[in-house]
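Remarks on the overall topology
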Amino acid sequence: MPSKDEIVKAILRVTGGDENKEFTKTAIAHELGMTKSTTTIDKIIKELESEGFIKFKEKRGQGIYYVLAKKQVEEKKAEEHDMKNLKDALREVLEEYFGKPKSFADLDRTYDFMKDSLGYVRIDNLRKQLGMSIEQFMAKFGDYILQHYELIPGGEEGFIKGGVMYGIIRRKR
(Lines give C-alpha, C1' and ligand atoms only; values in the text may rest on other atoms or scores of the structure.)
Protein backbone atom coordinates (compact mmCIF):
# COMPACT_ATOMS: atom_id res chain seq x y z
CA MET A 1 0.00 0.00 0.00
CA PRO A 2 1.88 3.09 -1.18
CA SER A 3 1.42 6.31 0.76
CA LYS A 4 0.45 9.65 -0.72
CA ASP A 5 4.00 10.93 -0.20
CA GLU A 6 5.48 7.93 -2.07
CA ILE A 7 3.10 8.50 -4.97
CA VAL A 8 3.96 12.22 -5.14
CA LYS A 9 7.69 11.35 -5.24
CA ALA A 10 7.03 8.73 -7.94
CA ILE A 11 5.13 11.31 -10.02
CA LEU A 12 8.01 13.78 -9.71
CA ARG A 13 10.52 11.09 -10.72
CA VAL A 14 8.45 10.02 -13.73
CA THR A 15 7.86 13.58 -14.95
CA GLY A 16 11.18 15.05 -13.86
CA GLY A 17 9.19 18.11 -12.76
CA ASP A 18 8.18 18.87 -16.35
CA GLU A 19 4.58 20.10 -16.65
CA ASN A 20 4.39 18.88 -20.26
CA LYS A 21 5.43 15.30 -19.54
CA GLU A 22 2.42 13.00 -19.34
CA PHE A 23 2.06 10.04 -17.02
CA THR A 24 -0.51 7.34 -16.29
CA LYS A 25 -1.49 5.50 -13.14
CA THR A 26 0.26 2.43 -14.55
CA ALA A 27 3.52 4.37 -14.97
CA ILE A 28 3.30 5.43 -11.32
CA ALA A 29 2.61 1.83 -10.28
CA HIS A 30 5.67 0.64 -12.25
CA GLU A 31 7.81 3.36 -10.64
CA LEU A 32 6.69 2.04 -7.25
CA GLY A 33 7.63 -1.52 -8.25
CA MET A 34 4.08 -2.73 -8.79
CA THR A 35 2.75 -4.47 -11.89
CA LYS A 36 -0.50 -2.52 -12.17
CA SER A 37 -2.43 0.33 -10.62
CA THR A 38 -4.41 -0.37 -7.45
CA THR A 39 -7.47 1.23 -5.93
CA THR A 40 -5.19 2.96 -3.42
CA ILE A 41 -3.25 4.60 -6.25
CA ASP A 42 -6.53 5.52 -8.00
CA LYS A 43 -7.86 7.12 -4.83
CA ILE A 44 -4.67 9.11 -4.17
CA ILE A 45 -4.49 10.25 -7.83
CA LYS A 46 -8.06 11.59 -7.54
CA GLU A 47 -7.10 13.32 -4.29
CA LEU A 48 -4.00 14.91 -5.88
CA GLU A 49 -6.13 16.04 -8.81
CA SER A 50 -8.68 17.70 -6.51
CA GLU A 51 -5.85 19.42 -4.58
CA GLY A 52 -4.47 20.85 -7.84
CA PHE A 53 -1.15 18.97 -7.70
CA ILE A 54 -1.86 17.21 -10.99
CA LYS A 55 -4.46 17.70 -13.70
CA PHE A 56 -6.22 15.49 -16.20
CA LYS A 57 -4.89 15.92 -19.71
CA GLU A 58 -6.66 13.42 -21.94
CA LYS A 59 -7.91 9.89 -22.37
CA ARG A 60 -6.42 7.78 -25.16
CA GLY A 61 -7.86 4.29 -25.51
CA GLN A 62 -7.78 2.70 -22.05
CA GLY A 63 -5.14 5.13 -20.74
CA ILE A 64 -5.91 8.26 -18.75
CA TYR A 65 -3.07 10.75 -18.99
CA TYR A 66 -2.20 13.32 -16.33
CA VAL A 67 0.35 16.14 -16.12
CA LEU A 68 1.72 18.20 -13.25
CA ALA A 69 -0.12 21.40 -12.49
CA LYS A 70 1.83 24.54 -13.43
CA LYS A 71 1.97 25.63 -9.79
CA GLN A 72 3.90 22.45 -8.86
CA VAL A 73 6.46 23.01 -11.61
CA GLU A 74 7.08 26.57 -10.41
CA GLU A 75 7.49 25.35 -6.81
CA LYS A 76 9.96 22.68 -7.97
CA LYS A 77 11.99 25.30 -9.86
CA ALA A 78 11.99 27.53 -6.77
CA GLU A 79 13.15 24.55 -4.67
CA GLU A 80 15.97 23.83 -7.13
CA HIS A 81 17.01 27.50 -7.02
CA ASP A 82 17.00 27.41 -3.19
CA MET A 83 19.07 24.21 -3.25
CA LYS A 84 21.61 25.82 -5.61
CA ASN A 85 21.86 28.82 -3.29
CA LEU A 86 22.31 26.49 -0.32
CA LYS A 87 25.06 24.54 -2.11
CA ASP A 88 26.85 27.77 -3.04
CA ALA A 89 26.62 29.04 0.55
CA LEU A 90 27.90 25.72 1.91
CA ARG A 91 30.78 25.68 -0.59
CA GLU A 92 31.67 29.23 0.45
CA VAL A 93 31.69 28.32 4.16
CA LEU A 94 33.79 25.20 3.55
CA GLU A 95 36.29 27.17 1.46
CA GLU A 96 36.48 29.84 4.17
CA TYR A 97 37.14 27.23 6.85
CA PHE A 98 39.26 24.67 4.96
CA GLY A 99 40.59 26.75 2.07
CA LYS A 100 40.06 26.07 -1.62
CA PRO A 101 40.24 22.41 -2.68
CA LYS A 102 43.78 21.43 -3.62
CA SER A 103 44.59 20.43 -7.19
CA PHE A 104 47.40 18.48 -8.83
CA ALA A 105 48.86 21.82 -9.93
CA ASP A 106 48.97 22.90 -6.26
CA LEU A 107 50.87 19.72 -5.42
CA ASP A 108 53.36 20.26 -8.26
CA ARG A 109 53.87 23.93 -7.33
CA THR A 110 54.44 23.07 -3.68
CA TYR A 111 56.82 20.27 -4.64
CA ASP A 112 58.85 22.69 -6.82
CA PHE A 113 59.01 25.14 -3.92
CA MET A 114 60.08 22.53 -1.34
CA LYS A 115 62.45 20.22 -3.23
CA ASP A 116 66.09 20.05 -2.20
CA SER A 117 69.11 20.06 -4.53
CA LEU A 118 68.52 16.39 -5.44
CA GLY A 119 64.81 16.99 -6.09
CA TYR A 120 63.66 15.14 -2.94
CA VAL A 121 60.68 16.10 -0.78
CA ARG A 122 59.32 14.22 2.21
CA ILE A 123 55.64 13.39 1.80
CA ASP A 124 54.79 14.39 5.39
CA ASN A 125 56.35 17.85 4.89
CA LEU A 126 54.57 18.28 1.54
CA ARG A 127 51.25 17.26 3.08
CA LYS A 128 51.67 19.68 5.99
CA GLN A 129 52.60 22.51 3.61
CA LEU A 130 49.36 21.87 1.70
CA GLY A 131 47.42 21.90 5.00
CA MET A 132 45.80 18.50 4.56
CA SER A 133 45.30 15.48 6.78
CA ILE A 134 47.06 12.28 5.74
CA GLU A 135 43.70 10.77 4.72
CA GLN A 136 42.75 13.76 2.57
CA PHE A 137 46.22 13.92 1.02
CA MET A 138 46.42 10.23 0.11
CA ALA A 139 42.84 10.10 -1.18
CA LYS A 140 43.42 13.10 -3.43
CA PHE A 141 47.05 12.67 -4.51
CA GLY A 142 47.99 9.01 -3.91
CA ASP A 143 47.46 7.78 -7.47
CA TYR A 144 48.86 10.99 -8.96
CA ILE A 145 52.09 10.64 -6.97
CA LEU A 146 52.48 7.00 -8.01
CA GLN A 147 52.16 7.98 -11.68
CA HIS A 148 54.27 11.15 -11.74
CA TYR A 149 56.84 10.76 -8.96
CA GLU A 150 59.53 8.25 -7.98
CA LEU A 151 59.20 6.73 -4.52
CA ILE A 152 62.28 6.71 -2.29
CA PRO A 153 62.55 4.73 0.97
CA GLY A 154 62.44 6.77 4.18
CA GLY A 155 60.26 9.40 5.79
CA GLU A 156 57.55 9.20 8.41
CA GLU A 157 54.48 8.66 6.22
CA GLY A 158 53.85 7.57 2.68
CA PHE A 159 53.43 4.35 0.74
CA ILE A 160 54.29 0.91 2.11
CA LYS A 161 55.53 -1.62 -0.44
CA GLY A 162 57.03 -4.94 0.54
CA GLY A 163 57.23 -3.82 4.16
CA VAL A 164 59.28 -0.72 3.32
CA MET A 165 58.03 2.84 3.93
CA TYR A 166 58.42 5.07 0.87
CA GLY A 167 57.90 8.56 2.27
CA ILE A 168 60.18 10.62 0.03
CA ILE A 169 59.36 11.52 -3.57
CA ARG A 170 61.17 12.91 -6.61
CA ARG A 171 59.57 13.92 -9.90
CA LYS A 172 60.01 11.37 -12.68
CA ARG A 173 62.22 12.48 -15.54
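Let me begin by describing the structure that accompanies this report. (Residues numbered from 1 in each chain as written. Predicted model: local features only at pLDDT ≥ 70, side-chain atom pairs only at ≥ 80, totals over all residues. Heavy atoms only, no water.)

**Details of helix α7 (residues 134-148)**
The following threshold applies: What the bend at a residue measures is the angle between two axes, fitted to the seven residues ending there and to the seven starting there. A helix here means a DSSP run of H or I that spans at least four residues, while a strand means a run of E at least two residues long, and both kinds are numbered starting from the N terminus. Partly exposed residues are those whose accessible area sits between 20% and 50% of the maximum for their type, while under 20% is buried and over 50% is exposed, using a 1.4 Å probe and protein chains only. Here, two residues are considered to be in contact whenever any of their heavy atoms come within 4.5 Å of each other.
Along its length, α7 shows its largest kink, about 55°, at Phe 141. Those residues of α7 not exposed but buried are Phe 137, Phe 141, Gly 142, Tyr 144 and Ile 145. The inward-facing, buried residues of α7 abut α5 (104-114), α6 (123-130), β4 (149-152), β5 (159-161) and β7 (168-171).

**Notes on the packing of aromatic side chains**
Filter applied, for reference: Only Phe, Tyr and Trp rings are paired, with Trp represented by its six-membered ring, and only when their centres lie within 6.5 Å; those with planes under 30 degrees apart are stacked, over 60 edge-to-face, the remainder tilted. The criterion is that NZ of a Lys, or CZ of an Arg, lies within 6 Å of the ring centre and within 35 degrees of the ring normal, and then a charge sits over that ring.
Per the counting criterion, the structure on display carries six aromatic pairs. Where Phe 104 meets Tyr 144, the ring centres are 4.4 Å apart and the plane angle is 10°; that geometry is what we call stacked. Remark: Tyr 144 occurs in helix α7 and Phe 104 occurs in helix α5; sequence separation between them is 40 residues. Judged by relative accessible area, Phe 104 falls into the partly exposed class, the value being 38%. Taken together, the ring pairs connect Phe 104, Tyr 111, Phe 137, Phe 141, Tyr 144 and Tyr 149 into an aromatic cluster. A cation over an aromatic ring shows up here: Lys 140 above the ring of Phe 104, its NZ or CZ 5.9 Å from the ring centre.

**Considerations on α6**
Just so we agree on the cut-off: In this context, the arc is that of the directions from the helix axis out to the C-beta atoms.
What α6 keeps buried is the set Ile 123, Asp 124, Leu 126, Arg 127 and Leu 130. The buried residues of α6 all sit within an arc of 160° when viewed along its axis, so they share a single face. Gly 131 sits one or two residues past α6 and shows a positive phi near 75°.

**Thoughts on the side chain of Glu 157**
Under the convention used in this document: In protein, a polar contact means a hydrogen-donor-capable atom and an acceptor-capable atom, both N or O and within 3.5 Å, with residues adjacent in sequence counting only if both atoms are side-chain atoms; elsewhere, any N or O pair within 3.5 Å suffices.
On the secondary structure map, Glu 157 appears in the loop between β4 and β5. Within the local environment of Glu 157, its side chain forms a polar contact with the side chain of Arg 127, the two groups lying 2.4 Å apart. Not counting residues up to four positions away in its chain, the partners in contact with Glu 157 are Ile 123, Asp 124, Arg 127, Ile 134, Met 165, Tyr 166 and Gly 167.

**Quick look at the pattern of salt bridges**
Spelled out, the test is: Just to be clear on terms, a salt bridge is a Lys or Arg side-chain nitrogen sitting within 4 Å of an Asp or Glu carboxyl oxygen.
Inspection of the entire model under this criterion finds 16 salt bridges. In this structure, Arg 60 engages Glu 58 in a salt bridge whose closest nitrogen and oxygen atoms are separated by 2.8 Å. Salt-bridge contacts for Lys 115 lead to Asp 112; the nearest nitrogen and oxygen are separated by 3.9 Å. Bridged by salt links that share partners, the residues Glu 22, Lys 57, Glu 58 and Arg 60 form one connected network.

**A short note on a nonpolar patch on the surface**
Spelled out, the test is: Without a salt bridge and with relative accessible area above 30%, a residue can belong to a patch; like charges are then joined within 9 Å and nonpolar side chains (Val, Leu, Ile, Met, Phe, Trp, Tyr) within 5 Å. Areas reported here follow the Shrake-Rupley algorithm with a probe of radius 1.4 Å; residue values treat only the protein chains shown as occluding.
On the surface, Leu 90, Leu 94, Tyr 97 and Phe 98 cluster together into a nonpolar patch covering about 490 Å² of accessible area. Looking at where Leu 90 falls in the secondary structure, it is placed in helix α4 (residues 70-98).

**Section: the layout of surface pockets**
Stated formally: Note on definitions: the grid is 1 Å and covers protein atoms alone; a cavity is a set of points where a 1.4 Å probe fits but cannot get out; a pocket is an open set with protein on both sides within 12 Å along at least five of seven lines; lining residues have an atom within 4 Å of a point. Grid points are joined across faces, edges and corners, and a volume is the space filled by probe spheres set on the points. Polar here means any residue outside two lists: the nonpolar Ala, Val, Leu, Ile, Met, Phe, Trp, Tyr, Cys and Pro, and the charged Asp, Glu, Lys and Arg; Gly therefore counts as polar.
The space that makes up the largest pocket amounts to roughly 320 Å³. Along the walls of the largest pocket sit 13 residues, with Phe 98, Gly 99, Lys 100, Pro 101 and Gln 136 positioned nearest its centre. Every element with two or more residues in the lining of the largest pocket is listed here: α4 and α7. Within the lining of the largest pocket, the residues separate by chemical class into five nonpolar, three polar and five charged.

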